[in-house]
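Residue-level structural notes
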Amino acid sequence: MSDPAPEPTSVPAAGGRRAAPAPAHLRFFHGPMDCGKSTLALQVDHNQSRQGRSGLRLTQGDRSTAPQISSRVGLSRTAVEVDAGTDLLLLVRSHWAEGRRVDYLIVDEAQFLTPAQVDQLAELVDASHVDVYAFGLTTDFRTRLFPGTQRLLEVADDVQRIQVEVLCWCGAPGLLNARVVDGAMVRSGATVVVADTAPTPAPGAADGPDTGAEVHYQVLCRHHYVLGELGPTATGPGQLALP
Ligand SMILES: [Zn+2]
């Protein structure tokens, strides 16, 4: 290059270095249901707090009276319930206004964030140096990215597919979430907000024609998702056909 100007140094002067704290990051961990993301969320929270850092745990779709992040291995911690209308910048600033430190955020069920909320998380990272650890499902039961997941994949500093293995009934790695209504797999309907912590009945009227039906989710490999086979004992080949 012919530019004679000296290369700008990437290392700020000492004064500037003090003014600019260590950069924070927006990290996103995703996978299918049952992949252990809530367990990982609580582990990250534990590791951060052990370093003397102060964090805020957020979750969505927890319909209990005392919101928490809970995992199948028995861990749980209280959390702040947010919804699509929550301004995450205001939420964190309100904690600061009360004199409470927020060094990092643990965001579970991050697939349910709106794209605007993901951008708020990015602003907290960049402007306020809050580390954000977001955990969420990759795709819905139609194999499409959740809106929050899509935005996180677009803007996160670091994206990791959670490697804890969840298996399809056939033994192959589980990849996709199937919605099962009254024992049969369905591929259309609303992207319903359902926590991934237990087989869950349909959450009210949000599910349209499925309301009142028994709804749960099952992780399948891609092959069996495409075939719509829920296992040798469920609806599908191998089952005794009854009139
Ligand atoms: Zn399979």
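The structure under discussion appears in the preceding block.
Below, the structure is looked at part by part. (Residues numbered from 1 in each chain as written. Predicted model: local features only at pLDDT ≥ 70, side-chain atom pairs only at ≥ 80, totals over all residues. Heavy atoms only, no water.)

1. Quick notes on the overall build of the protein
Scanning the protein from N- to C-terminus turns up 6 helices and 11 strands. Counting the 243 residues in the protein, one finds 41% classified as buried. By sequence separation, contacts in the protein at least 24 residues apart represent 74% of the contacts at least 6 residues apart. (Helix = DSSP H or I, 4+ residues; strand = E, 2+ residues; numbered from the N terminus. Buried < 20%, exposed > 50% of the residue type's maximum accessible area, 1.4 Å probe, protein only. Contact = heavy atoms within 4.5 Å.)

2. Quick word on the pattern of salt bridges
Under the defined criterion, the tally for this structure stands at 11 salt bridges. With a shortest N-O distance of 3.2 Å, R53 and D131 are connected by a salt bridge. Taken together, the positions of R53 in the loop between α2 (37-50) and β2 (55-59) and D131 in strand β7 (residues 131-137) put the pair 78 residues apart, joining distant regions of the chain. Accessibility expressed as a relative area gives 24% for R53, which makes it partly exposed. For E154, the salt bridge identified is with R151, shortest N-O distance 2.8 Å. One end of the pair, E154, and the other, R151, are both in helix α5 (residues 147-155), 3 residues apart, so they sit about a helical turn from each other. Residue class for E154 comes out partly exposed when judged on its relative accessible area of 46%. Ionic contacts of the salt-bridge type, sharing partners, join the residues K37, D108 and E109 into one network. (Salt bridge = Lys/Arg side-chain N within 4 Å of Asp/Glu carboxyl O.)

3. Considering the side chain of T59
Locating T59 in the fold gives a position in strand β2. Beyond its immediate stretch of four places on either side in the chain, T59 contacts P67, Q68, I69, A79, V80, E81, V82, D108 and E109.

4. Digging into the sheet that holds strand β10 (residues 184-186)
What the 3 strands build is an open sheet, ordered β10-β9-β11; its pairing is antiparallel. In this open sheet, the two edge strands, each paired with only one partner strand, are β10 and β11 (215-220). Across the sheet, the mean angle from the axis of one strand to that of its neighbour is 45 degrees, orientation sign disregarded. Across 3 bridges, strand β9 (residues 176-181) lies against β10 in antiparallel orientation. By the bridge assignment, R179 is partnered in β10 with V186. (Pairing = 2+ DSSP bridges. Axes fitted to C-alpha atoms, helices over the stretch in contact; angles between N-to-C directions.)

5. Focus on the coordination of the zinc ion
Reference values for coordination geometry: four tetrahedral donors around a metal ideally subtend 109.5 degrees, six octahedral donors ideally subtend 90 or 180 degrees. Surrounding the zinc ion are the protein donor atoms C168 (SG), C170 (SG), C221 (SG) and H224 (ND1), which sit 2.1 to 2.3 Å from the metal. For the zinc ion, the 4 donor atoms are set out with angles of 100 to 116 degrees between them, so the coordination reads as tetrahedral. Positions of the donor residues of the zinc ion along the chain correspond to the pattern C-x1-C-x50-C-x2-H. Note that C168 is positioned in the loop between β8 (158-161) and β9 and C221 in the loop between β11 and α6 (222-227), a separation of 53 residues in sequence. Grouping residues by exposure puts C168 and C221 together as buried. (Donors = N, O, S within 2.8 Å, 3.2 Å for Na, K, Ca; no water. Tetrahedral: all angles 85-135°; square planar, octahedral: opposite > 155°, others 65-115°.)

6. Quick word on the environment of R144
With respect to the helices and strands, R144 occurs in the loop between β7 and α5. Classification of R144 as exposed rests on a relative accessible area of 57%. Distance from R144 to T191, taken between C-alpha atoms, is 9.7 Å for residues 47 residues apart in sequence.

7. As for the packing of aromatic side chains
If you walk through the whole model with that rule in mind, you get 2 aromatic pairs. Geometrically, the ring pair formed by F29 and F135 is stacked, given 5.0 Å between the ring centres and 10 degrees between the ring planes. Residue F29 is located in strand β1 (residues 26-31), and its partner F135 is located in strand β7; the two are separated by 106 residues in the primary sequence. Side by side, F29 and F135 carry an identical accessibility label, which is buried. Between F112 and F146 the ring centres are 5.8 Å apart and the planes differ by 85 degrees, which places this aromatic pair in the edge-to-face class. (Phe/Tyr/Trp six-rings, centres within 6.5 Å; stacked < 30°, edge-to-face > 60°.)

8. Section: α2
For α2, built from 14 residues, the straight-helix expectation of 20 Å at 1.5 Å per residue is met to within 8% by its first-to-last C-alpha distance of 20 Å. When α2 is considered as a whole, its buried residues turn out to be K37, S38, A41, L42, V44, D45 and Q48. End-on, the buried residues of α2 take up no more than an arc of 160 degrees, which puts them together on one face. (Expected span 1.5 Å × (residues − 1). Arc of directions from axis to C-beta.)

9. Quick notes on the pairing of β7
With 7 of 7 residues buried, β7 lies mostly within the body of the structure. When β1 meets β7, the two strands line up parallel, connected through 6 bridges. Looking at the pairing, H30 lines up with G136 of β7. Here strand β6 (residues 104-107) pairs with β7 via 4 bridges, running parallel. Residue pairing across strands places L105 opposite V132, the latter belonging to β7.

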